[in-house]
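# Geometric and topological summary
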Amino acid sequence: RIGTAALAVQVVGSNWPKPHYTLLVTGLCRFQILQLLKEKPYPVAEVQQLDRLEQFTNGHKSEEELGELSEQFYKYAVQLVEMLDMSVPAVAKLRRLLDNLPREALPDILTSIIRTTNQEKLQILDAVRLEERFKMTIPLLVRQIEGLKLLQKTRKSKQDDDKRIVAIRPNRRISHGSITEDEEEEEDHDDVVMLEKKIRTSSMSEQALKVCLKEIKRLKKMPQSMPEYALTRNYLELMVELPWNKSTKDRLEIRAARIVLDNDHYAMEKLKKRVLEYLAVRQLKNNLKGPILCFVGPPGVGKTSVGRSIAKTLGREFHRIALGGVCDQSDIRGHRRTYVGSMPGRIINGLKTVGVNNPVFLLDEVDKLAKSLQGDPAAALLEVLDPEQNHSFTDHYLNVAFDLSQVLFIATANTTATIPPALLDRMEVIQVPGYTQEEKIEIAHRHLIPKQLELHGLTPQQIQIPQVTTLGIITRYTREAGVRALDRKLGAICRAVAVKVAEGQHREAKPDRAELGEGEDCKEHVTEDAKPESISDTADLALPPEMPILIDFHALKDILGPPMYDMEVSERLNQPGVAIGLAWTPLGGEIMFVEASRMDGEGQLTLTGQLGDVMKESAHLAISWLRSNAKRYQLTNASGSFDLLDNTDIHLHFPAGAVTKDGPSAGVTIVTCLASLFSGRLVCSDVAMTGEITLRGLVLPVGGIKDKVLAAHRAGLKRIIIPQRNEKDLEEIAAPVRQELTFVLAACLDEVLNAAFDGGFAGKARLEHLNSKL
Ligand code: ADP
């Protein structure tokens, strides 16, 4: 019931690596609790001051009685302090304090300095009467002195400064009770010694070693309660752990590399070829200086997994650094150690994780780096990626150079448009286009399905997915350039089958039919494939356990729900004023229905669908061209006039309305769509188109042809109108896809319109036109 009143002087704290606070208080006096008023949220009590009162009341009397005791205490205290090293400023100050302070304050002060257990300290706090307090502290002082003597005897020969400071707490083991804290401290001290040893034996650079030794010297002198202690220690531990000189041995053999790449990935010939070239040069030249490879393509086309395969072929460690959304340059280069919570950057962290200095680092999504007030991370990456600079990469946290020249960097991105030019300049871009349906089927059956089966603990004896089903998933449940959604859908199927299989195993005695019966699909397949007889007698029908579950379209519908995409685009083209364009996005190509309508008005053009400036200009161009050619094509507005905008408003819409779109390549589509609107004729439903237009009606080349063609193929379209000057891009398209499509190469809008409408568009009109000239 006795406590100490104190005044909080300072609170210091930090949240890193774990929350800890240090409270600095000045003790005022002892008090006794008379009555506890409330306990929550913090105790409030009525108290009575217990000491420091005698000075004001009967000080003289007590001095007389205590004289002898305090004199004795003072003598011991002086003896103890003089055994210490007086050259240490703190000790000298203590010696002066002994003389200056009032004697009755000494027991409290000295017990806080000498080695005592917590229990002993509490006992002294409890000793309210001065006499009692002196009596209790004297034995502690004597104990300390004896301990010190003993220690000095044993350590005489190898005394040094540091140890003398440590010597003030020698005989902790004499007291029993709460010694855990002391043990901890001792352990910590041992740790520091160990750490020093590790630093000295580690293979770090000379510069780093110098810094570390300096830091460890500071650490030894630092009290553990200081927030900086933990920081410094973490720093040193990181320095020791970093692979300064540790590397794996490259086992590069081009033939083996080719086999690994082929085994891991189907298709993507161009990419594999370029990677092999890159590796071959590395093998011949035996160093890594050279451009950084950057794989650019839609998501899920295997960019990351090729990176992993490269690491595998080289026998190197692999580490992926996700850069998407990183907007702080210290994410790359670390924080300065002066900040609380400072950390090394991702590069150094990655090196620590892999534990060698020559891993393969995959810088994922470099196109999604962002800028912010905290600096530009792309600029920080420049230093990392530049072979001329990165042998002395300096992380702010480490503050010493680390050699990154052995690290093999590979970058991935969805588009090059958002990669800062300086960064792009240091990389060699390899385009990874999307896959065709045939390629996807092969990838699914060679790689994805076996992988998913293994993940779900299934065997080919338990589930079978025929190729038509895979094609069904690709066309009706996914619409993507890569194979990630396909992979997920296959995962969903495996999960559903896993339930059936697991249930089947539990109830082997019971008919399997019941378990498989929820979806009519399964019933059907059971009846078809397993036992054609006795459809109605379900209770007796037992599916042989070795019979695999066949995934057919019914099963697909049951597991994945109704199809998300239908192949039928023709429905949307059943009225004039709709045409199909092809767009390129970072996620691959896409088809786009451009819609137009007209109404009475004052000749205004409304554009919706979040269009960029370039696209708006394309729309104006298209209208102007059609207006100037209205007579030639016999295009009229609702009232039969060749002035198309006379008393007419036009509205053009580009779905999906929420996605921002820009670029010139929709020009031909807009012209076709408007031509259909004004002529009242339907655009062929199997035609898609792309191309930039000019005011004179020429069709100019555009980019992303391969992705666009693949998208049209995915959507089941048959004819594609592309600018004539894009003909060379068709070579990149796989032969099976090319065979299924008809390409119309258009140099001017006449040709586009002729191809887009059944039976041609301009032929007749032009004849008339020419006739009139004759
Ligand atoms: P990205 O990094 O391009 O977004 P990932 O490398 O993560 O895509 O690929 C997604 C998944 O698709 C991975 O499981 C990968 O194994 C698989 N995959 C992609 N392309 C192929 C391919 N050509 N052959 C085999 N698997 C592939």
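Heads up: these notes are all about the structure in this document. Please read all numbers here as calculations on a predicted model, not as lab measurements. (Residues numbered from 1 in each chain as written. Predicted model: local features only at pLDDT ≥ 70, side-chain atom pairs only at ≥ 80, totals over all residues. Heavy atoms only, no water.)

## Looking at the overall build of the protein
A tally of helices and strands in the protein yields 29 helices and 21 strands. Expressed as a percentage of its 774 residues, the buried residues of the protein come to 44%. Considering only residue pairs separated by 6 or more positions, the protein has 71% of its internal contacts joining residues 24 or more positions apart. For the protein, the exposed surface amounts to about 40200 Å²; the carbon and sulfur share of it is 52%. (Helix = DSSP H or I, 4+ residues; strand = E, 2+ residues; numbered from the N terminus. Buried < 20%, exposed > 50% of the residue type's maximum accessible area, 1.4 Å probe, protein only. Contact = heavy atoms within 4.5 Å. Areas by Shrake-Rupley, 256 points an atom, 1.4 Å probe, with all protein chains shown as cover.)

## A short note on the packing of aromatic side chains
When we look at a pair of aromatic rings, we describe it by the centre distance and by the angle of the planes. For the structure on display, the rule yields four aromatic pairs. Residues Trp244 and Phe402 carry aromatic rings whose centres are separated by 4.9 Å and whose planes lie at 45° to one another, so their mutual orientation is tilted. In this pair, Trp244 sits in the loop between helix H9 (227–241) and helix H10 (254–264) while Phe402 sits in strand S8 (residues 401–402), placing the two residues 158 residues apart along the sequence. Across the pair, exposure class does not vary: Trp244 and Phe402 are buried alike. Sitting above the plane of the Tyr42 ring, Lys38 keeps its charged end 5.6 Å from the centroid. Positioned over the ring face of Tyr235 is Arg337, at 3.7 Å from the centre of the ring. (Phe/Tyr/Trp six-rings, centres within 6.5 Å; stacked < 30°, edge-to-face > 60°. Lys NZ or Arg CZ within 6 Å of the ring centre and 35° of its normal.)

## Let's talk about the sheet that holds strand S5 (residues 318–322)
Spatial ordering of the open sheet is given by S5-S6-S9-S4-S10, a layout of five strands whose pairing is parallel. Two strands close off the open sheet at either side, each with one partner strand: S5 and strand S10 (427–431). Strand-to-strand twist across the sheet, computed as the mean angle between neighbouring axes with direction ignored, equals 25°. Note: strand S4 (residues 292–296) against strand S9 (residues 408–413), four bridges, orientation parallel. By the bridge assignment, Cys294 is partnered in S9 with Ala411. Taken strand by strand, helix H14 (residues 346–354) contacts S5, strand S6 (360–364) and S9, and its axis lies near 155° from that of S5. (Pairing = 2+ DSSP bridges. Axes fitted to C-alpha atoms, helices over the stretch in contact; angles between N-to-C directions.)

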